[in-house]
Amino acid sequence: SDDSEEEEAVVSTQSTGCEHGHVTEIVVNVRETRVTSLVCHVLIWICALFLMPSPLNYIPIPVLYGLFLFLAIVALDDFELWERMLLVFTEQNSYPPTHYIRKEPQKIVHCFTLVQVLQLAVLCAISFSGYPYLKMLFPLFLALMIPIRLKLVPKMIQEKYLKTLDGFS
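Residues numbered from 1 in each chain as written. Predicted model: local features only at pLDDT ≥ 70, side-chain atom pairs only at ≥ 80, totals over all residues. Heavy atoms only, no water.

## Observations concerning the overall build of the protein
Then comes step 1: Summing up its helical and strand segments, the protein has nine helices and two strands in all.
Then comes step 2: The order of α-helices and β-strands along the protein, N terminus first, is α-β-β-α-α-α-α-α-α-α-α.
Then comes step 3: Per-residue burial for the protein yields a buried fraction of 14% across its 169 residues.
Then comes step 4: Across the protein, contacts joining residues at least 24 apart in sequence account for 35% of those joining residues at least 6 apart. (Helix = DSSP H or I, 4+ residues; strand = E, 2+ residues; numbered from the N terminus. Buried < 20%, exposed > 50% of the residue type's maximum accessible area, 1.4 Å probe, protein only. Contact = heavy atoms within 4.5 Å.)

## A look at the nonpolar core
Then comes step 1: Grouped together as the largest cluster of nonpolar side chains are nine residues: Ile108, Val109, Phe112, Val115, Val153, Ile157, Tyr161, Leu162 and Leu165.
Then comes step 2: Elements represented by at least two residues in this core include exactly helix H6 (106–127) and helix H9 (159–166).
Then comes step 3: For this core, the element with the most residues is H6, which contributes four residues.
Then comes step 4: Apart from residues lying up to four places away in sequence, Ile157 is in contact with Ile108, Cys111, Phe112 and Leu162. (Core = buried A, V, L, I, M, F, W, Y, C linked by side-chain atoms within 4.5 Å.)

## A look at the side chain of Ser129
Then comes step 1: Mapped onto the elements, Ser129 comes out in the loop between H6 and helix H7 (132–136).
Then comes step 2: Sequence-distant contacts of Ser129, that is, excluding residues within four places in its chain, are made with Leu134 and Lys135.

## Quick look at the pattern of salt bridges
Then comes step 1: Taken as a whole and assessed by the stated rule, the structure comprises one salt bridge.
Then comes step 2: A salt bridge links Asp166 to Arg149; the nearest nitrogen and oxygen atoms lie 2.1 Å apart. In this pair, Asp166 sits in helix H9 while Arg149 sits in helix H8 (residues 138–156), placing the two residues 17 residues apart along the sequence.
Then comes step 3: Note on Asp166: relative accessible area 28%, which makes it partly exposed. (Salt bridge = Lys/Arg side-chain N within 4 Å of Asp/Glu carboxyl O.)

## A word on the packing of H8 against H9
Each pair of packed helices gets described by two things: the angle between the helix axes and the distance between those axes.
Then comes step 1: Relative to each other, H8 and H9 sit at 125°, their axes nearing to 10 Å. Between H8 and H9, the crossing angle belongs to the class labelled oblique. By crossing handedness, the relation of H8 to H9 is classed as right-handed. Between H8, through Arg149, Val153 and Pro154, and H9, the contact on the second element is made entirely by Glu159, Leu162 and Asp166.
Then comes step 2: Along the lines of polarity and charge, the residues of the contact of H8 with H9 split into three nonpolar, no polar and three charged. (Axes fitted to C-alpha atoms, helices over the stretch in contact; angles between N-to-C directions. Parallel < 35°, antiparallel > 145°, perpendicular 65-115°, else oblique. Left-handed = near helix turned anticlockwise from the far one by under 90°. Nonpolar A, V, L, I, M, F, W, Y, C, P; charged D, E, K, R; others polar.)

## Notes on a nonpolar patch on the surface
Then comes step 1: Taken together, the side chains of Val35, Leu38, Val39, Val42, Leu43, Trp45, Ile46, Leu49 and Phe50 define a hydrophobic patch exposed on the protein surface, amounting to about 900 Å² of accessible area.
Then comes step 2: Along the chain, Val42 falls in helix H2 (residues 35–51). (Patch = residues over 30% accessible without salt bridge, like charges linked within 9 Å, V, L, I, M, F, W, Y side chains within 5 Å. Areas by Shrake-Rupley, 256 points an atom, 1.4 Å probe, with all protein chains shown as cover.)

## A word on the confidence of the model for the protein
Then comes step 1: Here the protein averages 81 in pLDDT, and 81% of its residues register 70 or above.
Then comes step 2: Per-element mean pLDDT across the protein ranges from 49 in helix H1 (residues 2–10) up to 93 in H8.
Then comes step 3: Confidence drops under a pLDDT of 50 for residues 1–8, and excluding neighbours within four residues, the segment shows zero contacts in the predicted structure. (pLDDT = per-residue confidence, 0-100.)

## A look at the side chain of Thr113
Then comes step 1: Along the chain, Thr113 turns up in helix H6.
Then comes step 2: For Thr113, a relative accessible area of 3% translates into the label buried.
Then comes step 3: Residue contacts for Thr113: discarding those within four places in its chain leaves Leu81, Arg84 and Met85.

Here it is in structure tokens:
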């Protein structure tokens, strides 16, 4: 009963009626609480204060690599580039009903994906290279991606398609 009282204090709803056995409610008022984020940040601060560096030395590096790999794989579902990379191997009638795929020709979507994969490959090659001087140039190559996108890519793909593929429509 305490949970329902707390919920009522945060969200106020108004019942509008019952049609075909379904009660519809309209949210009238929502009171924002920032206690949760405050508690999270305090706990992070406490962990950073007391767990650095000595207790962290007991965690093996492969465990941390595995954790970061797991987090990266879980995050792939929300990554548009990954979705478009998978579409290369999917039949066109099996495409999901996503807006940028249904509005643009398949060839344009795959060309845009190829350009982005090539840019990512260049950045990864520079980042993972064994030459320290090349690694120092990573920020320069990252900054060069902006003029490539603004000047070179519009020469390959029409601007009307780019607006949709970039998510600006």
